[in-house]
Amino acid sequence: EVIQDQVLAARFAVGILTSPEISDQDLFAREYYRIGGTSTVRGWDDFYPFSQGNEQVLANLEYRFLFNEAFQLVFFVDMGNSVLSSARRLLDPTQYAIGKGLGIRFTIPVLGSIRLDWGIDNVGTNRIQFNVGQMF
């Protein structure tokens, strides 16, 4: 808790898929990291990821206001990128997707947490995204 009933939550993930025996591009095509959407960078379209590849960096930051056991208000900033290892753009900050916005969380005893987020991507497109369960 930062202040009573307020929480700062963060997630940082780095991933690499590789094989010494088979081409990374062929082996992991279905397993590529996909950046953009409700589970990575909110505000981006779930069906058309910002980037995909066998290497990724992902960071999420949320400031949560806990009103009671059933209701939360969340401000968030997400950032991420994924590339094919041959591209080597992973460390270039201009190549990252950024999403920011706010959300509400309802906890329903039988279902768990219901997420409703309003996010804005790098180019100013607004999206409302719905999901079940906390992001992290």
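Residues numbered from 1 in each chain as written. Predicted model: local features only at pLDDT ≥ 70, side-chain atom pairs only at ≥ 80, totals over all residues. Heavy atoms only, no water.

Enquirer: Would you mind going over the overall build of the chain with me for this structure?
Expert: Along the backbone of the chain there are 1 helix and 8 strands. In terms of overall dimensions, the chain has a C-alpha envelope of 50 × 35 × 30 Å along the principal axes. Taking contacts inside the chain between residues at least 6 apart in sequence as the whole, the part at least 24 apart equals 51%. For the chain, the exposed area adds up to about 8000 Å²; of that, 60% sits on carbon and sulfur atoms. Of the side chains in the chain, 11 bear a positive and 15 a negative charge, and the two mean positions are spaced by 3 Å. (Helix = DSSP H or I, 4+ residues; strand = E, 2+ residues; numbered from the N terminus. Contact = heavy atoms within 4.5 Å. Areas by Shrake-Rupley, 256 points an atom, 1.4 Å probe, with all protein chains shown as cover. Lys, Arg positive; Asp, Glu negative; His and termini not counted. Charge placed at Lys NZ, Arg CZ, Asp CG, Glu CD.)

Enquirer: I keep staring at the pattern of salt bridges and nothing clicks. Help me out?
Expert: For side chains bearing opposite charge, pairing can occur when the charged atoms are close. Tallying each qualifying case throughout the model produces 8 salt bridges. Of the charged contacts, one joins Glu62 and Arg64 as a salt bridge, the two residues approaching to 2.6 Å between their closest N and O atoms. Taken individually, Glu62 and Arg64 each receive the classification buried, so the pair is uniform in this respect. Connected through shared salt-bridge partners, Arg42, Glu62, Arg64, Asp78, Arg105, Arg115 and Asp117 make up one network. (Salt bridge = Lys/Arg side-chain N within 4 Å of Asp/Glu carboxyl O. Buried < 20%, exposed > 50% of the residue type's maximum accessible area, 1.4 Å probe, protein only.)

Enquirer: Just to check I follow, could you spell out the packing of aromatic side chains for this structure?
Expert: Think of a pair of aromatic rings as described by two things: how far the centres are apart, and how the planes are tilted against each other in angle. A complete count under the given rule lists 5 aromatic pairs for this structure. Through successive ring pairs, a cluster of aromatic residues spans Tyr63, Phe65 and Phe75. If you follow Arg42 out to its NZ or CZ, it ends over the ring of Phe76, 3.9 Å from the centre. One residue, Arg64, lies across the ring of Phe136, its end atom 5.3 Å from the ring centre. (Phe/Tyr/Trp six-rings, centres within 6.5 Å; stacked < 30°, edge-to-face > 60°. Lys NZ or Arg CZ within 6 Å of the ring centre and 35° of its normal.)

Enquirer: Looking at this model, I keep getting lost on the sheet that holds strand 7 (residues 112–120). Mind explaining?
Expert: One key point about sheets: their strands pair by backbone hydrogen bonds, in either a parallel or an antiparallel sense. One open sheet accounts for 6 strands, arranged 1-4-5-6-7-8; its pairing is antiparallel. Only two strands of the sheet have a single neighbouring strand rather than two, namely strand 1 (6–16) and strand 8 (126–132). In this sheet, neighbouring strand axes are inclined to one another by 20° on average, regardless of whether the strands run parallel or antiparallel. (Pairing = 2+ DSSP bridges. Axes fitted to C-alpha atoms, helices over the stretch in contact; angles between N-to-C directions.)

Enquirer: Is there a simple way to think about the environment of Gln56 in this case?
Expert: On the secondary structure map, Gln56 appears in strand 4 (residues 55–68). In the structure, Gln56 is positioned 68 residues away from Gly124 in sequence and 23 Å away in space, judged by C-alpha atoms.

Enquirer: Can you walk me through the side chain of Glu62 in this structure?
Expert: If you trace the backbone, Glu62 turns up in strand 4. A distance of 2.8 Å separates the side chain of Glu62 from the side chain of Arg42, its partner in a polar contact. At 2.6 Å, the side chain of Glu62 forms a polar contact with the side chain of Arg64. When sequence neighbours within four positions are dropped, the list of residues in contact with Glu62 reads Val7, Leu8, Ala9, Arg42, Val74, Phe75, Phe76, Arg105, Met135 and Phe136. (Polar contact = N/O pair within 3.5 Å; in protein donor to acceptor, adjacent residues only side chain to side chain.)

Enquirer: Whenever I open this one, a nonpolar patch on the surface confuses me. Can you help?
Expert: A grouping of Val2, Ile3, Leu8, Leu61, Val77, Met79 and Ile98 is seen on the molecular surface, where their side chains present a nonpolar patch of about 580 Å² in accessible area. Structurally, Leu8 is set in strand 1. (Patch = residues over 30% accessible without salt bridge, like charges linked within 9 Å, V, L, I, M, F, W, Y side chains within 5 Å.)

Enquirer: I keep staring at the pairing of strand 4 and nothing clicks. Help me out?
Expert: Side-chain direction in a regular strand flips from residue to residue, so the side chains alternate between the two faces of the sheet. Of the strand pairs in this sheet, strand 1 and strand 4 are connected by 11 bridges, and their pairing is antiparallel. Across the sheet, Phe12 pairs through a bridge with Ala59, a residue of strand 4. Two strands pair when backbone bridges link them, and strand 4 and strand 5 (residues 71–83) are joined in this way by 13 bridges, in the antiparallel orientation. Within strand 5, the residue paired with Phe65 across the bridge is Leu73. Hairpin remark: strand 4 followed by strand 5, antiparallel, with 2 residues in the connecting loop.

In short, shape yes, function no, at least from these values alone.
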